[in-house]
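# Observations on the three-dimensional arrangement
The chain contents come next:
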Amino acid sequence: MSSPPANVELQTLSFVELTALLEQIFVRHGTSPEVAAVLANNCASAERDGSHSHGIFRIRGYLSSLAAGWVDGQVVPKVEDVGAAFVRVDAGGGFAQPALEVAKALLIAKARSAGIAILAIRNSHHFAALWPDVEPFAEQGLVALSVVNSMTCVVPHDAQQPLFGTNPIAFAAPRAGGQPIVFDMATSAIAHGDVQIAAREGRLLPEGMGVDRAGEPTCDPKAILDGGALLPFGGYKGSALSMMVELLAAALTGGNFSFEFDWSKHPGAQTPWTGQLIIVIDPDKGRGQDFAARSEELVRQMHGVGQTRMPGDRRYAQRAKSLVSGIGLPRFDLDHLRQLAGV
Ligand code: NDP
Ligand code: PYC
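Residues numbered from 1 in each chain as written. Chains lettered and ligands numbered in written order. Predicted model: local features only at pLDDT ≥ 70, side-chain atom pairs only at ≥ 80, totals over all residues. Heavy atoms only, no water.

### What about the overall build of the chain?
A count of helices and strands for the chain gives eleven helices and twelve strands. Here the C-alpha atoms of the chain give a radius of gyration of 20 Å, agreeing with the 20 Å that 2.2 N^0.38 yields for 343 residues. In terms of overall dimensions, the chain has a C-alpha envelope of 55 × 50 × 45 Å along the principal axes. Within the span of the chain, comprising 343 residues, buried residues form 50% of the whole. Partitioning the intrachain contacts of the chain with sequence separation of at least 6 by distance along the chain shows that 69% fall at a separation of at least 24. About 15500 Å² of surface is accessible on the chain, with carbon and sulfur atoms providing 56% of the total. Taken together, the 28 basic and 34 acidic charged side chains of the chain have centroids lying 3 Å from each other. (Helix = DSSP H or I, 4+ residues; strand = E, 2+ residues; numbered from the N terminus. Rg over C-alpha atoms; globule rule 2.2 N^0.38 Å. Buried < 20%, exposed > 50% of the residue type's maximum accessible area, 1.4 Å probe, protein only. Contact = heavy atoms within 4.5 Å. Areas by Shrake-Rupley, 256 points an atom, 1.4 Å probe, with all protein chains shown as cover. Lys, Arg positive; Asp, Glu negative; His and termini not counted. Charge placed at Lys NZ, Arg CZ, Asp CG, Glu CD.)

Rendered as structure tokens:
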């Protein structure tokens, strides 16, 4: 997870101010106010929590995809109630987060009644961190798991060519004594966004992240981006998880596999046109024990054997800091955002 270089001068603004600024930018560049509100909240939340590879760094990509006519910023997603525990949404070539937003109440009602419910989003663009899609469920006492596929840039284990996307998996569970347990990780050795940031900052990557256009291992992010590719994390294990994400997020939902869409006729397009699956479970339907108390006990035991940092801890600490001191943005980036917003 990249953060701004230490020697850069930062300007601060509040979460509300950043969200409002981003909302203006999205509307000015072609989204409906409803879509803008969802994307702005998502992007500002990522910046607030120090998820820099999916915060304001992504604004250029969002806007160039909108300008290219690759993604529809105005479309209203269509919710289909297809079973006791199954909801589908056709995002209509728009963004995935507004599709989740319109289906959320129905999904939660089904999860509480059936004990589990699935949301299958197709025909959607996901260009963000995945944790904002699952964490709110855990805040309501539910367990949530989500997967989304992206664009071909990862070589399956033992293969010679890229096929999979960076395909993240996010999980959230309530916890009695603290904020929800949340993890959110790409199934590639590194997120594509972090490779772009390293290239921009002239940093080398650790070994084992990717290969160059000849398929040779490289630590040069530019070589990975210029015809090279990423590797899955953990060899064949991460590769199998990435395959699972393709199956659940694309085959099951009716979305595109990461290798199926062709954006070559839309210069500037950056947002992957794929699908997303979210599974929500009501733990109260389990064995009658208090799930949140049990997850707290697990955390206590993990701390007891020496794990000091839980997944999510870094974000929660950064969030607390941002809410007190404001969100620090490099002056150049803030000026650019204001220019884009026309203020
Ligand atoms: P990281 O490798 O930075 O982190 C993965 C998870 O591990 C996080 O939950 C993190 O918690 C946790 N973690 C990190 N270090 C430790 C540690 N030392 N001990 C315990 N837990 C730890 O994330 P990635 O680079 O894999 O992914 C970055 C983002 O990119 C994600 O938000 C992902 O959704 C997004 N992405 C989006 C894609 C898309 O198509 N939309 C595609 C690929 C990635 P913490 O958050 O607290 O640091
Ligand atoms: O960082 O790998 C990534 C990514 C792909 C799509 C959005 N983010």
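### A look at the environment of Val 280
Looking at the secondary structure, you find Val 280 in strand β11 (residues 273–281). Each C-alpha atom of the pair Val 280 and Ala 111 lies 6.1 Å from the other, and the pair is 169 residues apart in sequence. When neighbours within four sequence positions are excluded, Val 280 is seen to be in contact with Leu 107, Ala 111, Gly 115, Ile 116, Ala 117, Phe 137, Leu 142, Val 143 and Ala 144.

### Considering the site of ligand 1
Close contacts around ligand 1 come from 21 residues, with Ala 128, Asp 184, Ala 186, Arg 309 and Arg 314 the closest. Within the backbone of Leu 130, a nitrogen or oxygen atom sits 3.0 Å from an oxygen atom of ligand 1. In the environment of ligand 1, an oxygen atom lies 2.7 Å from a nitrogen or oxygen atom belonging to the side chain of Arg 314. Relative to its free-state accessible area of 920 Å², ligand 1 is covered by the protein chains to the extent of 79%. Among the elements of the structure, β7 (181–185) and α10 (313–325) are those that each provide at least two residues to the shell around ligand 1. Within the shell around ligand 1, the residues separate by chemical class into ten nonpolar, five polar and six charged. (Near = heavy atom within 4 Å. Polar contact = N/O pair within 3.5 Å; in protein donor to acceptor, adjacent residues only side chain to side chain. Nonpolar A, V, L, I, M, F, W, Y, C, P; charged D, E, K, R; others polar.)

### What about the sheet that holds strand β8 (residues 210–211)?
Strands sit in the order β9-β8-β10 across an open sheet of three strands; the sheet is antiparallel. A strand with exactly one partner marks an edge of an open sheet, and here the two such strands are β9 (217–218) and β10 (229–230). Here two bridges tie β8 to β9, and the two strands are oriented antiparallel to one another. Within the sheet, the bridge partner assigned to Gly 210 lies in β9 and is Thr 218. (Pairing = 2+ DSSP bridges.)

### Focus: the sheet that holds strand β6 (residues 169–173)
If you walk across this open sheet you meet the seven strands as β2-β3-β4-β11-β5-β6-β7, and the pairing is mixed. In the strand order of this sheet, the two ends are held by β2 (78–83) and β7, each with one partner. Put simply, the sheet's adjacent strands are angled 15° from each other on average, direction ignored. Bridge count for strand β5 (residues 143–148) against β6 is four bridges, and the pairing is antiparallel. Residue pairing in the sheet places Ala 144 in a bridge with Ala 172 of β6. (Axes fitted to C-alpha atoms, helices over the stretch in contact; angles between N-to-C directions.)

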